[in-house]
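The primary structure of each chain is shown beneath.
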Amino acid sequence: QMQLVESGGGLVQPGGSLRLSCAASGRIFSIYGMGWYRQAPGKQRELVATITSGDSTYYADSVKGQFIISRDNAKNTVYLQMNSLKTEDTAVYYCSAEIAQVRGSFQNYWGQGTQVTVSS
């Protein structure tokens, strides 16, 4: 059974940093794109950042220059380094990955979410 397990969330003061991790486990042939999304209370889930298997990255305008996405293919893990955090970054953060369990067939998977709260 495929699982994406996030970790690293928590409570941080404004201006602080957090590093989120998301590890995929299960039968994995290959992982294509990986990404992070977030959903704040009362708002729709929004894309934060993505990274391809070739390490090309995309960032939402709201986090450019503030967050860094990276991945470790040997560990099937994607990271999100979040710096200079603001109260408006408070949300549940979800990771997503396009995973092929057999050659030529991939499916999108989601993690369970990790809470990030930025507050003084």
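Higher on the page you've got the structure.
Residues numbered from 1 in each chain as written. Predicted model: local features only at pLDDT ≥ 70, side-chain atom pairs only at ≥ 80, totals over all residues. Heavy atoms only, no water.

> For the state of the cysteines, give the residues involved together with the corresponding values.
Taken as a whole and judged by the stated rule, the model has 1 disulfide. Each sulfur of the disulfide joining Cys-22 and Cys-95 lies 1.9 Å from the other. Of the two residues, Cys-22 is situated in strand 3 (residues 18–25) and Cys-95 in strand 9 (residues 91–102); the sequence distance between them amounts to 73 residues. Per residue, the accessibility class of Cys-22 equals that of Cys-95, and both read buried. (Disulfide = S-S within 2.5 Å. Helix = DSSP H or I, 4+ residues; strand = E, 2+ residues; numbered from the N terminus. Buried < 20%, exposed > 50% of the residue type's maximum accessible area, 1.4 Å probe, protein only.)

> Give a description of the sheet that holds strand 7 (residues 67–72) that names residues and reports values.
Note on sheets: strands pair through backbone hydrogen bonds, and any given pair is parallel or antiparallel. Taken in spatial order, the 4 strands make up an open sheet running 1-3-8-7, and their pairing is antiparallel. The sheet is open, and its two edges are formed by strand 1 (3–7) and strand 7, each paired on a single side. If you compare each strand with its neighbour and ignore which way they point, the axes differ by 15 degrees on average. Taken together, the 6 bridges between strand 7 and strand 8 (residues 77–82) define a ladder with antiparallel strand orientation. By the bridge assignment for strand 8, Phe-67 is matched with Met-82. (Pairing = 2+ DSSP bridges. Axes fitted to C-alpha atoms, helices over the stretch in contact; angles between N-to-C directions.)

> Pulling in residues and values, what's your account of the nonpolar core?
Among the nonpolar cores identified, the biggest contains 31 residues, and Trp-36, Leu-80, Met-82 and Tyr-93 are the most heavily contacted of them. The contacts of Leu-80, once residues within four sequence positions are left out, are Leu-18, Arg-19, Leu-20, Trp-36, Val-48, Ala-49, Phe-67, Ile-68, Ile-69 and Tyr-93. (Core = buried A, V, L, I, M, F, W, Y, C linked by side-chain atoms within 4.5 Å. Contact = heavy atoms within 4.5 Å.)

> I'd like a description of unusual backbone geometry, backed by residues and values.
Positive phi is not limited to glycine here, since Asp-55 has a value of about 70 degrees. Within the secondary structure layout, Asp-55 lies in the loop between strand 5 (46–51) and strand 6 (57–59). On the basis of relative accessible area, Asp-55 is assigned to the partly exposed category, the value being 46%.

> Let's hear about the side chain of Thr-114: which residues, and what values?
Following the sequence through the fold, Thr-114 ends up in strand 11 (residues 114–118). In terms of polar contacts, Thr-114 uses its side chain to reach the backbone amide nitrogen of Gly-9, at 3.4 Å. For Thr-114, the residues in contact, after removing those within four places along its chain, are Glu-6, Gly-9, Leu-20, Ala-91, Val-92 and Tyr-93. (Polar contact = N/O pair within 3.5 Å; in protein donor to acceptor, adjacent residues only side chain to side chain.)

> Tell me what's going on with the pairing of strand 3, and back it up with residues and numbers.
Residues in a regular strand point their side chains to alternate faces of the sheet. Two elements, strand 1 and strand 3, share 5 bridges in a ladder whose sense is antiparallel. From the neighbouring strand, Glu-6 faces strand 3, where its bridge partner is Cys-22. Judged from the 6 bridges that link them, strand 3 and strand 8 form a sheet pairing that is antiparallel. Across the sheet, the residue bridging to Leu-18 is Met-82, located in strand 8.

> Describe the packing of aromatic side chains, naming the residues involved and giving the relevant values.
What the rule picks out here adds up to 2 aromatic pairs. Centroid distance Tyr-32 to Phe-106: 5.6 Å. Interplanar angle 55 degrees. Geometry classified as tilted. Residue Tyr-32 is found in strand 4 (residues 30–39), and its partner Phe-106 is found in strand 10 (residues 105–110); the two are separated by 74 residues along the sequence. Judged by relative accessible area, which is 32%, Tyr-32 ranks as partly exposed. For Phe-106, a relative accessible area of 51% gives the class exposed. The side chain of Arg-19 reaches across the aromatic face of Tyr-79, ending 4.0 Å from its centre. Looking at Arg-45, its charged tip hangs above the ring of Tyr-94, at a distance of 3.7 Å from the centre. (Phe/Tyr/Trp six-rings, centres within 6.5 Å; stacked < 30°, edge-to-face > 60°. Lys NZ or Arg CZ within 6 Å of the ring centre and 35° of its normal.)

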